[in-house]
Amino acid sequence: MDLAVVVIIQVLYAVASLVIISAGLAVIFGMMKVINLAHGEFMMLGAYSVIGATRLGVNLWVAMLLIAPVAVGAIGVLLERLVIRRLYGRMVDTMLATWGLSLLLVGIVTSIFGNTMAGVSAPLGSFSIGAYSVSGYTLVIIAVAVVLAVAIRWVLLRTQWGLIARGTMQKPDMANALGISPSRVYSVTFAAGAAITGLAGGLLAPLTGVVPAMGGAFIAKAFITVISGGPAIVAGLVSASGLLGAINLLATFASTPVLGEVALLVAAIVMLRLLPHGITGRFFKGSL
Amino acid sequence: MNRFVTSWVSAALWLAIGIVLLFGLPVMLDDYTLIQVTIYAVMSILGVSLAFIWGFGGILCFGQTAFFGLGAYTYAIAVLNMGESTLPFFLAIGVPALFAALLGYVIFYGRLSDVYMGVITLTVTLILFNLVNSTAGPQWKIGVAPLGGFNGIPGIPTLNVPGNADDVLSPKGLFDVTFVCLLLVYGALRVLIGSKVGHVIIAAKENEQRALLLGYDVRAYKLFAFTVGGAIAGLAGCLFANWGAFTNPTIFGLAQSAQIIIWVIVGGLGTLVGPIIGCVAIEWLTTAIGTQQTFNSNLMLGAILVVFVLVVPRGIVPSLGSLGEWLYRQLAHKRMPAPAPAATPVLPRRP
């Protein structure tokens, strides 16, 4: 019984961390069809802003939930204005340019902070279920993932801003004719995606070591989750995270964490062969 | 793509330059620089493999290093087990080609779009990196060759003269073999591109729908191009393992994959020589930057990639080619007032 509860928490945690890692990318790719290969580096910047802020004496929660998203969102606006704006509609060029940005960001952060591991310890300690001990922070990650998914869906479906954003993505010239500036909407959407990614980096900073090259560990997982999810942003994100997270965790239990990662990636490739348009290209069609 | 770059004259010209370099460089350079040039040639073969599948096949593979790494590891494992290097050399080409064929089957016959293609190849590379990286410890070995995990495989025997395992190549010999391989690969690819199959491959890149409607099974042609690219990358990997007598998982890494793409972008997409020039230039720059500490090489590579995508998206060689053609036309225009014939698009050309 205790074991079952622990396993369920672990599965939820695996799914939740995939949701958190991929949410920012899902927004940017799902809305703007921009493949942001600097996604991992945005997370890395979020993690570094948490490290920097806590060193300056800011409360850890404020740093993770507020400073990281705001800082990375601001960087997102800057990069969108300088680079990505020039490449809309040229998908492959965008991929290449964002890959260049990712190398550039790694280089800049390495020059500033050095190529050493920094870290903050996870708050909240742990509690025990029967003979097993579970970290309290695990539950925070699960809760944030749920809130994040619900919030993205709510903003896109129920607010004026979400309506404008979705409309602009479908027909920019029509939105423009109605008095909305598409370039501003693109900017804000990209910033929102970047901010969510920064939040993810901040939240995961206590769990992973913070090094300049840490982004590489997330990029493949995030991509494969978003692509497996398919066209619906939130439904795709949650369903793909659920499937891949569970596969990852079960394979990890059965063998080693490395093989767990491999199982996740292999499962995603096999799935894309069977469902080339992702899960929501076949199921839950028309949802968001 | 301009006429000069695709014409046979340019192929002959570049091959002639290559042959002059093949005989000239060992005379002009000392051994240390020659070894340095050998690695440039190895990397150029890798660059050409991506230049072919991306520039002519339209297949953007983010994981060309997967085949490169597989080639290096296959050679290392096979030669440590067999002791003689002839069969391992061919295995190092065959195994990556087979892997490319399998992967290409999943991608092309699944009709995945090019963006998904990039993500999948990236993922496969990461899988290989993770797998090989985790094989530290004596229990991981194939035959007598330990895989060594993140430490890699040291002490890989160098290529020997076929049939005689004791007669191993000197650094000069390895330079010759590598450079001849580069020239052969270049020449063979030029022949392939000029052939009917090559025209179909290019046609499929230019307009997949139209090629399909003309009755060509685009999937098979793309798969063929991808497999050839994998084989060439495997050859480069084999030569890489020979060059340093060492291989480790970082050759599967993302940084390496990014570099190849940067060579092609900088040199010029749609040419075979451009990526070689890009490769030599970037490798030289990275080495130069690596020897001093103030400036991070990632920073420079990233900046180069962003700037080229934004400002010189066609790369150096095609831009210089157009510049040359423009100058030529200006001069010809001055000499005789008749209007110079407009450059006609030559691809896809009828066989």
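This text goes with the structure placed above it.
Residues numbered from 1 in each chain as written. Chains lettered and ligands numbered in written order. Predicted model: local features only at pLDDT ≥ 70, side-chain atom pairs only at ≥ 80, totals over all residues.

(A) Spotlight on the overall build of chain A. Within chain A, the secondary structure is distributed over 12 helices and 2 strands. Taken from N to C terminus, the helices and strands of chain A fall in the order α-α-α-α-β-β-α-α-α-α-α-α-α-α. Taking 2.2 N^0.38 as the reference for a compact globule, 288 residues should give roughly 19 Å; the C-alpha atoms of chain A span a radius of gyration of 19 Å, in line with that estimate. Its C-alpha atoms give chain A principal-axis dimensions of roughly 65 × 45 × 35 Å. A buried classification covers 49% of the 288 residues belonging to chain A. (Helix = DSSP H or I, 4+ residues; strand = E, 2+ residues; numbered from the N terminus. Rg over C-alpha atoms; globule rule 2.2 N^0.38 Å. Buried ≥ 20, exposed ≤ 12 C-beta atoms within 10 Å, placed from the backbone.)

(B) Spatial organisation of unusual backbone geometry. Even without a glycine there, the phi angle at A:Lys33 is positive, about 55°. Following the sequence through the fold, A:Lys33 ends up in the loop between helix H1 (2-32) and helix H2 (39-55). The exposure class assigned to A:Lys33 is partly exposed, which follows from the 13 C-beta atoms found within 10 Å. Unlike most non-glycine residues, B:Ala245 shows phi in positive territory, near 55°. Judged by local crowding, B:Ala245 falls into the partly exposed class, with 13 C-beta atoms found within 10 Å.

(C) Spotlight on the packing of helix H3 (residues 31-56) of chain B against helix H10 (residues 218-244) of chain B. All names here are of chain B. Interhelical geometry of H3 versus H10 gives an angle of 170° and a closest axis separation of 8 Å. Looking at the two axes, H3 sits roughly antiparallel to H10. Residues Thr38, Ile39, Val42, Ile45, Leu46, Val48, Ser49, Leu50, Phe52 and Ile53 of H3 form the contact with H10, whose participating residues are Ala225, Phe226, Val228, Gly229, Ile232, Ala233, Leu235, Ala236, Leu239, Phe240 and Trp243. In the contact of H3 with H10, the residues fall into 18 nonpolar, 3 polar and no charged. (Axes fitted to C-alpha atoms, helices over the stretch in contact; angles between N-to-C directions. Parallel < 35°, antiparallel > 145°, perpendicular 65-115°, else oblique. Contact = placed C-beta atoms within 7 Å. Nonpolar A, V, L, I, M, F, W, Y, C, P; charged D, E, K, R; others polar.)

(D) Seen up close, the interface of chain B and chain A. Contacts between chain B and chain A engage 33 residues on the former and 34 residues on the latter. Sorting the residues of the side of chain B that touches chain A by element identifies helix H6 (114-133), helix H11 (254-267) and helix H13 (297-311) of chain B as the ones contributing at least two each. For the side of chain B that touches chain A, the element with the highest residue contribution is H6(B), accounting for 12 residues. A breakdown of the residues in the side of chain B that touches chain A according to their chemical character gives 23 nonpolar, 8 polar and 2 charged.

(E) Structural context of the packing of helix H10 (residues 233-254) of chain A against helix H11 (residues 257-274) of chain A. Residue and element names in this part refer to chain A. It is the contact of H10 with H11, at a shortest axis distance of 7 Å, that shows an interaxial angle of 145°. Between H10 and H11 the crossing geometry is right-handed. Contact with H10, carried on its side by Leu244, Ile247, Asn248, Leu249, Ala251 and Thr252, involves Pro257, Leu259, Gly260, Glu261, Ala263, Leu264, Ala267 and Ala268 of H11 and no other residues of that element. Residue classes in the contact of H10 with H11 are distributed as 10 nonpolar, 3 polar and 1 charged. (Left-handed = near helix turned anticlockwise from the far one by under 90°.)

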